[in-house]
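Residue-level structural notes
One-letter residues, chain by chain:
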Amino acid sequence: TAAWRSSDFVQHEGSERLLAVLAAAAMASPNRASSFDEPNIAKLRDMRTLVHAFTGVITKTASASVGPTCSNKDVSGDSGSRIPGASGHSNETGAVRGHIAAQVVQTWAPGIFAFARSLAGIYALPAGSIDASSSILLRSPGITELEHILGRKVEEIAEEYPVGVDGKSVRAARNILWELRIASLGAVRACMTCSNFWQSPETCGWVRSLAEMLPVLQPHFATLLLKEVFLPVFGQPLTGFRELPMQVHGPACEAVVPALVAGIRQLLRKCWRSHTDAKHEELDLAYSTSVVAFSRATGQILAGLCGNGMPWAGQLSHPERRLFLRTVAPRTAPPPSAAATPAPAGKKRKNRSKNSFAALADDADETMEVSTGGVDTTQPEPEPRSPVGASAYVIRSREMREAVRLALAELLLLPEKETVIFALLGLHVWSTQLWNSISRGEDPAAVAAGVKPDHLPEAGELLHAASDALRVLPSGVLRPATSLAAKPPEVGATESSCNAAPANPSGDALLVAPCSTLVTLVEQTWSSFVSATVLHGKKSPSPLVVECIPVVLASLWILSRLFKIQCRKLNIKPGLEHAYLCPALAETATVFRGLPNTTEHDVTTLLEHFLAEEHTTDAQRSAVRVL
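Read on for a plain summary of the structure. Residue positions within a chain follow its written sequence, with the count starting from 1. Per-residue local features of the predicted model are confined to residues with pLDDT of at least 70, and side-chain atom pairs are confined, for both listing and counting, to 80 or more; whole-chain, interface and lining totals are unaffected and use all residues. Computation of side-chain values: all heavy atoms of the structure, hydrogens and water removed.

Quick look at the nonpolar core
Applied cut-off: Here, the term nonpolar core denotes a set of buried Ala, Val, Leu, Ile, Met, Phe, Trp, Tyr and Cys residues that are joined through side-chain atoms within 4.5 Å. When accessible area is computed with a 1.4 Å probe and restricted to protein chains, residues below 20% of their type maximum are described as buried, those above 50% as exposed, and intermediate ones as partly exposed. The criterion used for residue contact is that any of the two residues' heavy atoms lie within 4.5 Å.
Membership of the largest hydrophobic core comes to 165 residues, with the highest contact counts inside it found for F197, F230, F234 and L470. Among all residues touching F230, those that are not within four sequence positions of it are V207, L210, A211, L225, G235, V256, L260 and I301. Listed in part, the 7 residues of the second largest apolar core include I149, V154, L283 and A286.

Given below as structure tokens:
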């Protein structure tokens, strides 16, 4: 710890100082570069050793404080969470280790994050601050870095150096730079796994500062940053917030998620519409590979921010039965007072009127029965579980969930199979969790409507909140998904004819103009993904269409249930003639009418399926697939 605190890189944060040391190491004479006595290389190796030592100690101490053997009891840790542990002396030893680890993390954390920012910002320095020696160092990745990107062994790339510059020194400096960058992210991850780390008021700012650096990072390092730092905490709902104290959950999301999503979107724009000028085939392939990997990691973390990964993420709330429940008596023999009078002999009994609108209709009742399809109507369906982790705060915040939705919709413009699958999955979960949040009265619009805490909203309160929050579904979720199925993006599009996302409030849009190597990398997989399959001479929908179906189904179910609640509230029968009551449903029909080869009859048939049934049926799935 003393050596760490006295290090120049910790005391003086800045990418310029670190780059100067690296450049001096790269320009070292051949004799000194092969020796451990070269001062700059030795200084960098010492930093690498310190960072590795910190990561190893904190990681092992955290696992040792839990204990390899667990008793039948749980002990409460300092953070207030219940953790399994052994009894007796083992528990005391684990507590002591945890206390020491907390002190070490609090001492090292400021320097760890400063060092990580300095390493991340090296490639983003302005051109005026990079001299000739630094330019030689940064113009190409090291062999170990290249092997990490490509996932295989790579031959030494022939490179010309100025007179007096030794290639061995340059390669050694590049390799130590990459090792330091990897080690710094491991140390950041070790800090974030310690619950005491989050007690500092500066913690959220440190994490946000790394998210803010995403737009200037190389795609392969940005992928590593997402997977090592942000995905384990913010992209995994079930386990991400396990180490965070409860009082930090909200502030951490508010501080980090907006910067994270904004940084992801900016870097994606730069990656997919830029052209590399690499002079070697391996470098060009490495760049394209890193762009694909970053796009996939982006889809994964955005879907996780919506709640993907929770077993109940796709369960849709059904508040209609709770709001308009009508208890039905068991179908047993009628009581004596209600027994039917037998008809006189030789006379036929007149059937009672089945017309509910007749003036003399029998058993008139103002309350409408809800068709349940054989489901027990004596109890309403239980509400799906609330989201956990970062998704709980993202869905309840209008600004954060809208930023995530925009980012997911932009991913649908990328001609990359895995990325699009993650994006569609995220939009499906996003729509479902938004509706569930409204049904529980947790949406800000529901709170503004007067829903009391810990109370489910009444029909009027739910309608007020849903009409406001679900306005975005037709244009923000359904239209991107249906447009993707009707006209998938072309792999070889140029910037003048490429697909572009609808401009967001800031006015910018994603333009997809990949370089030739990137086109070659994704073309075959994408073509098979968007092409219809043929089996025994019969055409079937493409895998892309199959992936789009859950998004459309969820949106239709949400809007049809909202429409039914509106009709029940007004005591009218749900029907398309009253669709004007639900503008979002009417806009959905307009979106469907805009699809190619779609008639008014197709749209009407589809919507009638959802108004007639209470639960998902094969007929509904088939109707959506055909459309």
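Describing helix 23 (residues 583-593)
One turn of the α-helix equals 3.6 residues, which is why residues spaced by three or four share an orientation. What counts is decided by this rule: In DSSP terms, a helix is any run of H or I states spanning at least four residues, a strand is any run of E spanning at least two, and both are numbered starting from the N terminus. Note: the arc covers the axis-to-C-beta directions of the helix.
For helix 23, the full list of buried residues reads A584, L585, T588, A589, V591 and F592. Each buried residue of helix 23 sits inside an arc of 155° when the element is viewed along its axis, so together they form one side. Residues of helix 23 that are buried make contact with helix 20 (473-486), helix 22 (543-570) and helix 24 (600-612).

A short note on the environment of W178
Summarising the element assignment, W178 is placed in helix 9 (residues 167-192). A relative accessible area of 3% means that W178 is categorised as buried. With sequence-adjacent residues up to four places away left out, W178 is seen in contact with T144, E145, H148, H220, F221 and L224.

A look at the pattern of salt bridges
A side chain of one charge can pair with a side chain of the opposite charge when the charged atoms of the two come close. So the rule is basically this: What makes a salt bridge here is a side-chain nitrogen of Lys or Arg within 4 Å of a carboxyl oxygen of Asp or Glu, nothing more.
Tallying each qualifying case throughout the model produces 19 salt bridges. With its nearest N and O atoms 2.9 Å apart, the salt bridge here joins R174 to E159. With R174 in helix 9 and E159 in the loop between helix 8 (143-150) and helix 9, this pair connects stretches of sequence that are 15 residues apart. Exposure remark for R174: the relative accessible area of 5% places this residue in the buried category. A salt bridge links D468 to R471, with the shortest nitrogen-to-oxygen separation between them at 2.6 Å. Residue class for D468 comes out partly exposed when judged on its relative accessible area of 26%. Connected through shared salt-bridge partners, R139, E159 and R174 make up one network.

A few points about the packing of aromatic side chains
Cut-off, in case you're wondering: Whether two aromatic rings pair depends on their centres lying within 6.5 Å, for rings of Phe, Tyr and Trp, where Trp uses its six-membered ring; planes under 30 degrees apart make the pair stacked, over 60 edge-to-face, and the rest tilted.
As enumerated under the stated definition, the model contains 12 aromatic pairs in all. Seen from their ring centres, W4 and F115 are 6.4 Å apart, and the 85° between their planes marks the pair as edge-to-face. With W4 in helix 1 (residues 2-5) and F115 in helix 6 (residues 89-120), this pair connects stretches of sequence that are 111 residues apart. This pair shows no difference in class: W4 is buried, exactly as F115 is. Centre to centre, the rings of W557 and F610 are 5.5 Å apart; their planes meet at 75°, and the pair counts as edge-to-face. A residue pair is termed long-range when its members are at least 10 positions apart, and W557 in helix 22 and F610 in helix 24 qualify at 53 residues. Note on accessibility: W557 and F610 belong to one class, buried.

Side note on the packing of helix 12 (residues 246-272) against helix 16 (residues 398-411)
To keep it simple, the criterion reads: Only the contacting stretch of a helix is used when fitting its axis, a line to C-alpha atoms as for every element, and angles between N-to-C directions run 0 to 180 degrees. Each angle is binned into one of four classes, with values under 35 degrees roughly parallel, values over 145 roughly antiparallel, values of 65 to 115 roughly perpendicular, and all other values oblique. Crossing handedness is read from the near helix: turned anticlockwise from the far helix by less than a right angle, it gives a left-handed crossing, and turned clockwise, a right-handed one.
Close contact between helix 12 and helix 16 brings their axes to 10 Å; oriented N to C, the two are set at 20°. Regarding the angle of helix 12 to helix 16, the classification is roughly parallel. In this structure, helix 12 crosses over helix 16, and the sense of that crossing is left-handed. Across from C253, E254, V257, P258, V261, R265, L268 and R269 in helix 12, the residues of helix 16 making contact are M400, A403, V404, L406, A407, E410 and L411.

So, the side chain of S209
To be explicit about the condition: Residues adjacent in sequence count toward polar contacts only when both atoms are side-chain atoms; beyond that, a polar contact is any pair of N or O atoms within 3.5 Å, and within protein one must be able to donate a hydrogen and the other to accept it.
Topologically, S209 is positioned in helix 10 (residues 203-212). Classification of S209 as buried rests on a relative accessible area of 14%. At 3.1 Å, the side chain of S209 forms a polar contact with the side chain of R117.

Brief notes about the environment of E212
Within the secondary structure, E212 is located in helix 10. In this structure, the C-alpha to C-alpha distance between E212 and A259, residues 47 residues apart in sequence, is 5.7 Å.

Thoughts on the packing of helix 17 (residues 417-439) against helix 20
The test is simple: Residues are grouped as follows: nonpolar covers Ala, Val, Leu, Ile, Met, Phe, Trp, Tyr, Cys and Pro; charged covers Asp, Glu, Lys and Arg; every other residue, Gly included, is treated as polar.
Look at helix 17 against helix 20: their axes get within 12 Å of each other, and the N-to-C directions meet at 150°. Between helix 17 and helix 20, the angle falls in the class roughly antiparallel. Crossing angle aside, the handedness with which helix 17 passes helix 20 is left-handed. Contacts between helix 17 and helix 20 involve V420, L424, L427, W430 and S431 on the former and, on the latter, L473, V477, A481 and L484. Looking at the contact of helix 17 with helix 20 residue by residue, the classes come out as 8 nonpolar, 1 polar and no charged.

Quick notes on the side chain of R181
Counted only if it meets this: We count Lys and Arg on the positive side and Asp and Glu on the negative side, and we leave His and both chain ends out.
Within the element layout of this structure, R181 appears in helix 9. Among buried Asp, Glu, Lys and Arg side chains, R181 stands out as unpaired, with E145 the closest opposite charge at 4.0 Å. A polar side-chain atom of R181 sits 2.9 Å from a polar atom in the side chain of Q218. Aside from chain neighbours lying at most four places away, what touches R181 is L119, A120, Y123, E145, Q218 and F221.

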